[in-house]
Amino acid sequence: MQEETVEFKMDVSDESIKREAMKIVWMFSGVTLVDIKEKGILKVKGKFDKIDMGSKLHEKDKSVDIINPNGNRGQYRIPGYTTVYNYLTTPKIQEIVVFKFNVLDEKIKRDVMEVIWEFSGITSVELKRDHQLEVKGGEFNKVAMSTKLKRIDESVSLIINYTRTKKLGFSLYDLYR
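All values reported here derive from a predicted model rather than from experimental measurement.

1. What about the overall build of the chain?
Check the secondary structure of the chain and you find five helices and nine strands. Per element, the accessible surface of the chain, about 9800 Å² overall, is 52% carbon and sulfur.

2. Description of the nonpolar core
By size, the foremost hydrophobic cluster in this structure holds 38 residues, and its most contacted members are Leu42 and Leu57. Split by domain, this core shows at least three residues from each of two domains, domain 1 (4-67) and domain 2 (93-165). When neighbours within four sequence positions are excluded, Leu57 is seen to be in contact with Phe8, Met10, Ala21, Ile24, Val25, Leu42 and Val64.

3. A closer look at the pattern of salt bridges
Considering all chains together, one arrives at eleven salt bridges under this definition. The partner of Glu114 in a salt bridge is Lys23, with the nearest N and O atoms 3.8 Å apart. Taken together, the positions of Glu114 in helix 4 (residues 106-116) and Lys23 in helix 1 (residues 15-26) put the pair 91 residues apart, joining distant regions of the chain. Glu114 gets classed as partly exposed once you look at its relative accessible area, which sits at 34%. Assessed through its relative accessible area of 15%, Lys23 is described here as buried. One salt bridge in this structure joins Lys109 and Glu106, with 3.4 Å as the shortest N-O distance. Linking Lys109 with Glu106, this pair stays in helix 4, spanning three residues, or about one helical turn.

4. Brief notes about the packing of helix 1 against helix 2 (residues 50-60)
Interhelical geometry of helix 1 versus helix 2 gives an angle of 155° and a closest axis separation of 10 Å. Taken together, the axes of helix 1 and helix 2 are roughly antiparallel relative to one another. The hand of the helix 1/helix 2 crossing is right-handed. Taken together, the residues of helix 2 that come into contact with helix 1 (itself represented by Glu20, Ala21, Ile24 and Val25) are Met53, Lys56, Leu57 and Lys60.

5. With respect to the pairing of strand 2 (residues 31-35)
Across the five residues that make up strand 2, a large majority, four, are buried. Direction of pairing for strand 2 relative to strand 3 (residues 41-46): antiparallel, over a ladder of four bridges. By the bridge assignment for strand 3, Val34 is matched with Val44. By the bridge criterion, three bridges tie strand 2 to strand 6 (residues 122-128) in an arrangement that is antiparallel. Note that in strand 6 the partner of Val34 across the bridge is Val125.

6. A short note on the environment of Val34
Looking at where Val34 falls in the secondary structure, it is placed in strand 2. Val34 sits in the buried class, given a relative accessible area of 0%. Look past the residues within four positions of Val34 in its chain and what remains in contact with it is Met22, Val25, Trp26, Leu42, Lys43, Thr123, Ser124 and Val125.

7. Comments concerning the packing of helix 4 against helix 5 (residues 142-152)
Between two packed helices, the angle of one axis relative to the other and the distance separating the axes together describe the packing. Put simply, helix 4 and helix 5 touch, their axes get as near as 10 Å, and they point 155° apart. Judged by the inter-axis angle, helix 4 sits roughly antiparallel to helix 5. The two elements helix 4 and helix 5 cross, and the hand of that crossing is right-handed. Residues Ile108, Asp111, Val112, Val115 and Ile116 of helix 4 pack against Met145, Lys148, Leu149 and Ile152 of helix 5. Grouping the constituent residues of the contact of helix 4 with helix 5 by class yields seven nonpolar, no polar and two charged.

So, how was this worked out
- Residues numbered from 1 in each chain as written.
- Predicted model: local features only at pLDDT ≥ 70, side-chain atom pairs only at ≥ 80, totals over all residues.
- Heavy atoms only, no water.
- Helix = DSSP H or I, 4+ residues; strand = E, 2+ residues; numbered from the N terminus.
- Areas by Shrake-Rupley, 256 points an atom, 1.4 Å probe, with all protein chains shown as cover.
- Core = buried A, V, L, I, M, F, W, Y, C linked by side-chain atoms within 4.5 Å.
- Buried < 20%, exposed > 50% of the residue type's maximum accessible area, 1.4 Å probe, protein only.
- Domains from an automatic or database assignment.
- Contact = heavy atoms within 4.5 Å.
- Salt bridge = Lys/Arg side-chain N within 4 Å of Asp/Glu carboxyl O.
- Axes fitted to C-alpha atoms, helices over the stretch in contact; angles between N-to-C directions.
- Parallel < 35°, antiparallel > 145°, perpendicular 65-115°, else oblique.
- Left-handed = near helix turned anticlockwise from the far one by under 90°.
- Pairing = 2+ DSSP bridges.
- Nonpolar A, V, L, I, M, F, W, Y, C, P; charged D, E, K, R; others polar.

Spelled out as structure tokens, the structure:
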């Protein structure tokens, strides 16, 4: 099985449904990215069975549909609309944190995702190299998240923590530790 990007259309306007969908997706072995920045579009990257994932998501939301099984920009999008929509709806302040684990096997990954998706405002989680997870979202409590993650793996460390502010289409990075 090769790595692919799949997009699912589903109603994620309710924060609890969104968090449940994220937990379901991260239970699949081989997932490396889950992103939900666009309204109603759940983007998943990795090596996984997209039909099985779609059926699990369908149990939570009967309207789930695979709209872009190959990750290519499809005809269902209005050119230019997605970019404008993302600019207007993406939080103006986006928190980005990277956690490093000594080991991030499938069991630990499942437990970690349970914790991360408890926090509202999370829009994206990506598995990076060397057992790192990048978490993006609006403002969320990084200290509480770190504390809960330490209960799963006491060796976890917060290695990067920054805020990105959008202004007139430009991104400004304020780095702090």
